[in-house]
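# Residue-level structure breakdown
Spelled out, the chains give:
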Amino acid sequence: MTQQTPPPASRLQRILAYIVAALVIVSLVCIAAILIGTAAGQFAEQGSGEGLWPTVFLFPYAALPIAFILIIVLLIVSARRNRAANRANNPAGDAKGRR
């Protein structure tokens with residue numbers, strides 16, 4: 001069995017990975033800020049709807065599902081790229097294990 005190096009990640013894959021990482025990290029920071037603010041007894045001021053707190057509360061609600069969807073998109077893009085690379089490496093259509 002030969003060892004093949006995987007194809008390098010495309011620009012789209014890198015961009016999707018960085019966006020997912022940024023969304024998750026900022027969401028976790030927002031959740032930590034909510035927990036710290038609540039533990040410090042500032043919950044009444046946080047929930048007042050003024051300043052930055054409404055954004056801090058709502059950002060994880062939107063960002064985490066978007067990050068999940070982007071992870072699925074990244075998996076699909078990676079699978080399509082790997083399938084194309086496998087077809088390019090095996091042009092004869094050798095169907096080992098396929099029926």
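Refer to the structure above for everything that follows.
Throughout, residues of each chain are indexed from 1 in the direction in which the sequence is written. For a predicted model such as this one, the threshold for reporting local features is a pLDDT of at least 70, and the threshold for listing and counting side-chain atom pairs is 80 or more; totals across whole chains, interfaces and linings nevertheless cover every residue. Hydrogens are left out, water is left out, and the side-chain values use all remaining heavy atoms of the structure.

If you tally the helices and strands in the protein, you get 3 helices and 0 strands. Strands are runs of DSSP state E lasting at least two residues, helices are runs of H or I lasting at least four, and both sets are numbered from the N terminus onward. Starting at the N terminus, the α and β elements of the protein follow one another as α-α-α. Categorising residues by exposure relies on relative accessible area from a 1.4 Å probe, with only protein chains included: less than 20% of the type maximum marks a residue as buried, more than 50% marks it as exposed, and the intermediate range marks it as partly exposed. Among the 99 residues that make up the protein, the fraction classed as buried is 17%. For this analysis, residues touch if any pair of their heavy atoms sits within 4.5 Å. Considering only contacts in the protein between residues 6 or more positions apart, those separated by 24 or more positions represent 72%. Values of accessible area rely on a 1.4 Å probe in the Shrake-Rupley scheme; residue burial ignores everything except the protein chains shown. Taken as a whole, the protein presents about 7900 Å² of accessible surface, with 66% of it coming from carbon and sulfur.

Patch building starts from residues that exceed 30% relative accessible area and form no salt bridge, then joins like charges within 9 Å and nonpolar side chains (Val, Leu, Ile, Met, Phe, Trp, Tyr) within 5 Å. The term salt bridge refers to a side-chain nitrogen of Lys or Arg lying within 4 Å of a carboxyl oxygen of Asp or Glu. Together, Phe-68, Ile-69, Ile-72, Val-73 and Ile-76 make up an exposed nonpolar region whose accessible area comes to about 450 Å². Take Ile-72: it is sitting in helix 3 (residues 53-89). We classify Ile-72 as partly exposed; its relative accessible area is 37%.

All right, on to the nonpolar core then. Listed in full, the 7 residues of the largest apolar core are Leu-16, Val-20, Leu-23, Ala-63, Ala-67, Leu-70 and Leu-74. Contributing elements (two or more residues each) for this core: helix 1 (11-39) and helix 3. With 4 residues, helix 3 is the largest single contributor of residues to this core. What we call a nonpolar core is a set of buried Ala, Val, Leu, Ile, Met, Phe, Trp, Tyr and Cys residues that are connected through their side-chain atoms within 4.5 Å.

Moving on, we come to the packing of aromatic side chains. By convention, a stacked pair of Phe, Tyr or Trp rings (six-membered ring in the case of Trp) has centres within 6.5 Å and planes under 30 degrees apart, an edge-to-face pair has planes over 60 apart, and any other such pair is tilted. The tally for this structure, following the rule as stated, stands at 1 aromatic pair. An angle of 45° between the planes, with centres 6.4 Å apart, marks the rings of Trp-53 and Phe-57 as tilted. On the criterion of helical spacing, the pair formed by Trp-53 and Phe-57 is a turn pair, its members being 4 residues apart in helix 3.

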